[in-house]
Amino acid sequence: AQTVTQSQPEMSVQEAETVTLSCTYDTSENNYYLFWYKQPPSRQMILVIRQEAYKQQNATENRFSVNFQKAAKSFSLKISDSQLGDTAMYFCAFMKPGGFQKLVFGTGTRLLVSP
Amino acid sequence: GAGVSQSPSNKVTEKGKDVELRCDPISGHTALYWYRQSLGQGLEFLIYFQGNSAPDKSGLPSDRFSAERTGGSVSTLTIQRTQQEDSAVYLCASSLAFWQSQETQYFGPGTRLLVL
């Protein structure tokens, strides 16, 4: 079974600074998908970024980028130029390929961005 | 609609009562998923639908939980004889069919259930 570990329960950063959230996972699959979701106080889970394991290039979405290290089974999220609206819970998630697959989530990291 | 919608947003019920939670997925999404988010258990998978059928019910915590989907669209999660440990946020997500290769799951705002 796959497991996802987020070792940082809480992180703090000041506005405009850069912060990195850690995620490691365990799987015997060679191909899979990894995701970072953001959950603000509104509860809505919002997709931040997605990475396919067969792609060596790290995914980027504006201020958000990942450092995907397949051999180390590590998938960290870097948020540049942090904004107050980035305050939220961030969940790392794993999914096997093939369609109709469940997401396996980590326990989340609470990020607080302060002025 | 543009996104996944869920109703009610919040539900307070008494122990022993039945509740129904509704999910309306993104139009055209064949796959529909239910997850539960609770303080003690984190985010856990409950069940998914492929069209109207549910090939994997392994995540349902007990036989008090059931779900159905009709017309390949709206899904209802029913909890019978609710217990206090059922208190949680119930999240619904949908995605395109696998042959579309776009397998990202998009979530609704969730239903917060409180069992007194």
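Residues numbered from 1 in each chain as written. Chains lettered and ligands numbered in written order. Predicted model: local features only at pLDDT ≥ 70, side-chain atom pairs only at ≥ 80, totals over all residues. Heavy atoms only, no water.

A. Region of the structure containing the overall build of chain A. A count of helical and extended segments in chain A gives zero helices and 12 strands. For a compact globule of 115 residues, the expected C-alpha radius of gyration is about 13 Å, and chain A comes in at 14 Å, within 12% of that figure. Each principal axis of the C-alpha distribution contributes one length, and for chain A these read about 40 × 25 × 20 Å. Classification of the 115 residues of chain A by burial places 50% in the buried group. (Helix = DSSP H or I, 4+ residues; strand = E, 2+ residues; numbered from the N terminus. Rg over C-alpha atoms; globule rule 2.2 N^0.38 Å. Buried < 20%, exposed > 50% of the residue type's maximum accessible area, 1.4 Å probe, protein only.)

B. Here's a closer look at the overall build of chain B. The number of helices and strands found in chain B is zero helices and 11 strands. For chain B, the succession of helices and strands along the chain, N to C, is β-β-β-β-β-β-β-β-β-β-β. Radius of gyration (C-alpha) of chain B: 14 Å, near the 13 Å computed for a compact globule of 116 residues. Each principal axis of the C-alpha distribution contributes one length, and for chain B these read about 45 × 25 × 25 Å. Counting across all 116 residues of chain B, residues that qualify as buried make up 48%. When contacts within chain B are restricted to residue pairs at least 6 apart in sequence, those whose partners lie at least 24 apart make up 54%. Approximately 5,500 Å² of chain B is accessible, and the part contributed by carbon and sulfur atoms is 46%. (Contact = heavy atoms within 4.5 Å. Areas by Shrake-Rupley, 256 points an atom, 1.4 Å probe, with all protein chains shown as cover.)

C. Focus on the packing of aromatic side chains. Summed over the entire model, instances satisfying the criterion amount to 17 aromatic pairs over all chains. Where Tyr25(A) meets Phe94(A), the ring centres are 6.2 Å apart and the plane angle is 35°; that geometry is what we call tilted. Here the residue Tyr25(A) occupies a position in strand β4 (residues 24-26), and Phe94(A) occupies one in strand β10 (residues 88-95), the gap between them amounting to 69 residues. An identical accessibility class is assigned to Tyr25(A) and Phe94(A); each is buried. A centroid spacing of 5.9 Å and a plane angle of 70° characterise the contact between Tyr35(B) and Phe45(B), whose relative ring orientation is edge-to-face. (Phe/Tyr/Trp six-rings, centres within 6.5 Å; stacked < 30°, edge-to-face > 60°.)

D. Looking closely at the sheet that holds strand β1 (residues 5-7) of chain B. Residue and element names in this part refer to chain B. With antiparallel pairing, four strands are arranged side by side in an open sheet as β1-β3-β8-β7. In the strand order of this sheet, the two ends are held by β1 and β7 (65-69), each with one partner. Each strand of the sheet is rotated relative to its neighbour by a mean of 15°, with strand direction disregarded. Relative to strand β3 (residues 19-24), β1 runs antiparallel, the two sharing three bridges. If you follow Ser-5 over to β3, its bridge partner there is Asp-24. (Pairing = 2+ DSSP bridges. Axes fitted to C-alpha atoms, helices over the stretch in contact; angles between N-to-C directions.)

E. Structural context of the interface of chain B and chain A. On the chain A side, the residues contacting the 27 residues of chain B number 21 residues. Where chain B abuts chain A, roughly 2,000 Å² becomes buried across the two surfaces, and 56% of that area is made up of carbon and sulfur atoms. Its largest share of buried area at the contact with chain A, chain B owes to Leu43(B), Glu103(B) and Phe107(B), together 31% of the area lost on that side. Between the two partners, chain B and chain A, sit zero salt bridges. Between the two partners, chain B and chain A, sit 10 residue pairs in polar contact (both at pLDDT 80 or more). Mapped by element, the contributors of at least two residues to the side of chain B that touches chain A are β4 (31-38), β5 (42-50), β9 (88-95) and β11 (111-115) of chain B. Ranked by the residues each element gives to the side of chain B that touches chain A, the list is headed by β5(B), at five residues. For the side of chain B that touches chain A, the residue count by class is 13 nonpolar, 12 polar and two charged. (Buried area = accessible area lost by both parts, 1.4 Å probe. Salt bridge = Lys/Arg side-chain N within 4 Å of Asp/Glu carboxyl O. Polar contact = N/O pair within 3.5 Å; in protein donor to acceptor, adjacent residues only side chain to side chain. Nonpolar A, V, L, I, M, F, W, Y, C, P; charged D, E, K, R; others polar.)

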